[in-house]
Amino acid sequence: MTSILPLDRVREAAQLLSQARKVVILTHISPDGDAMGSSLGLWHWLRGLEPTKQCTVVIPNAFPDFLAWMPGADEVVIFEKDPEQVRLLLDDADMIVCTDFNEPKRIGALGECLTAVLQTKHTHCLLIDHHLHPADFATVMFSYPESPSSCELVYRLLIDLAQSSDYHQFCCPLSLSVATCLYTGMMTDTGNFSFNSNRADMYEIVSHLVRIGVDKDAVYNRVFNAYTADRMRLVGYCLYQKMEIIPEYHAALIYLKRKELYKFNFRSGDAEGIVNMPLQIKDIYYSCFMREDKVLPAEEPLAGGSKIKVKISMRSQGDRPVNDFCHEVFHGGGHKNASGGEYYGPIEEAVELFKQNYARFLQKN
Ligand code: 5GP
Ligand code: MN
């Protein structure tokens, strides 16, 4: 497999990683399989190198239940639950690694702590990510928006570190825990290899990970066949009662208010994948899913005085970008075919914004 990471940057990363004694690994808010896989994969690898390295994965808020089986998931520190511990860890760290996010804003309130530490203590920061337009906050940056997952980038970095650095400790084979974590993110960020998945070398990586011992069928079952009955009923409700089709623009819209979510005992992760479902309909190429996420504390600045944060997700197929829509209308962004954003206010206003703007951003043909 040809290397895509520049050798000089791999060497810089090698130097930082070999010298660091206390490493904090951060990943994005509402972590998905790629966020958990890339951070935990790196964590297992670093711990395997030298048991004396102190290494912690910090996530902004809880991960969904269907990722709880991941090796090391029970050892992550959750900022929302324990902000003081996280502040101490960041203060004490001599290196921070950021995986699967491109700007401090994407880790919520934890982003302010990260920015403060980088500015005041000049802690080394390594970024490994595949989102467009990375902010300039890292010492060494591996940003490849064309990569299907951050886990694939972590894999590539670990292989390049073994082959191209002068540090012998990096020449160890990847453990089953590392391989399982990295496989999980490669699988989830490509919808089990059904989009962004046409490059042959991706399967060379999968082949290597399976040879290490990854049980890919078991990973699939744990992630995709692990829903609660409530979540299945929520999906049924969305598709039967809540899906609006805009045939002219090949688009579908589903939105849920908090009281609807309560009815189905909504838990973190239950909305995962719903946005993709309308794309299974013939001639539907765009899908938008919105839900009222949470009521914010009064002190947070809000548009229009409302306390509701609406989370918007958009998906599309082929050469039909949705990231510009999310960026311009919902202050978000993301990948060409998978983007998201936020709106502060009642969900009806967010829906109205979507309806006022879709003709500008979506293609009729
Ligand atoms: P999801 O719909 O799964 O929450 O997010 C899909 C992708 O959209 C994410 O990988 C991320 O790149 C992007 N995204 C989602 N929400 C936001 C947001 O609020 N701001 C930005 N900049 N990107 C987002
Ligand atoms: Mn990702």
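Nothing here was measured: the structure is a model prediction, and the numbers come from that model.

The rules behind the values
Within each chain, residues carry numbers counting from 1 in the order of the written sequence. Here the convention is simple: chains get letters from A, ligands get numbers from 1, in the order in which they are written. Restriction of local features to residues with pLDDT of at least 70 applies here, the model being predicted, together with a cutoff of 80 or more for giving and counting side-chain atom pairs; totals for whole chains, interfaces and linings are based on all residues. Side-chain descriptors were evaluated using all non-hydrogen atoms of the structure, hydrogens and water having been removed beforehand. Ring geometry is summarised as follows: Phe, Tyr and Trp rings, the Trp one being its six-membered ring, pair when their centres sit within 6.5 Å, and such pairs are stacked at plane angles under 30 degrees, edge-to-face over 60 and tilted between the two. In this text, helices come from DSSP runs of H or I with a minimum length of four residues, and strands from runs of E with a minimum of two, each type numbered from the N-terminal end. For the exposure calls, accessible area comes from a 1.4 Å probe over protein chains only, and a residue counts as buried if that area is under 20% of its type's maximum, exposed if over 50%, partly exposed in between. Any Lys NZ or Arg CZ found within 6 Å of a ring centre and within 35 degrees of that ring's normal is scored as a charge over the ring. Throughout the structure description, domain borders are defined by an automatic or database domain assignment. Between two residues, a contact is recorded if the distance between any of their heavy atoms is within 4.5 Å. Once two parts are joined, some of their accessible surface, as seen by a 1.4 Å probe, is lost; buried area is that loss totalled over both. Each reported salt bridge corresponds to a side-chain nitrogen of Lys or Arg within 4 Å of a carboxyl oxygen of Asp or Glu. Polar contacts, as counted here, are pairs of nitrogen or oxygen atoms within 3.5 Å of one another; within protein the pair requires one atom able to donate a hydrogen and one able to accept it, and residues that are adjacent in sequence qualify only if both atoms are side-chain atoms.

**What to know about the packing of aromatic side chains**
For the structure on display, the rule yields 12 aromatic pairs. Ring centres of F193 and Y203 lie 5.9 Å apart, and the angle between their planes is 50 degrees; on these two criteria the pair is classed as tilted. Placement of F193 in the loop between α6 (176-188) and α7 (200-212) and of Y203 in helix α7 is noted, with a sequence separation of 10 residues between them. In this structure Y203 comes out as partly exposed when scored by relative accessible area, which is 36%. Taken together, a centroid distance of 4.8 Å and an interplanar angle of 20 degrees make the contact between F325 and F361 stacked. Here F325, found in helix α11 (residues 323-330), pairs with F361, found in helix α12 (residues 347-361); they are 36 residues apart in sequence, far enough to count as distant. A single burial state applies to F325 and to F361, both of which are buried. Of the aromatic side chains, those joined through ring pairs into one cluster are Y249, F325, F330, F354, Y358 and F361. Positioned above the aromatic ring of W43, the side-chain terminus of R47 is 4.0 Å from the ring centre. Positioned over the ring face of Y227 is R231, at 3.8 Å from the centre of the ring.

**Considering the domain arrangement of the protein chain**
Each assigned domain of the protein chain is listed here: domain 1 (7-223) and domain 2 (229-361). Each of domain 1 and domain 2 was reduced to a C-alpha centroid, and the two centroids are 27 Å apart. Taken together, the contact between domain 1 and domain 2 spans 10 residues of the former and 9 residues of the latter. Roughly 720 Å² is buried in total at the junction of domain 1 and domain 2, and carbon and sulfur atoms are behind 44% of that figure. Its largest share of buried area at the contact with domain 2, domain 1 owes to D65, F66 and L132, together 39% of the area lost on that side. Linking domain 1 with domain 2 are 1 salt bridge, by the criterion used here. Of the charged contacts in the structure, one is a salt bridge between R267 and D65, with a shortest N-O distance of 2.8 Å. Taken together, the connections running from domain 1 to domain 2 amount to 3 residue pairs in polar contact (both at pLDDT 80 or more).

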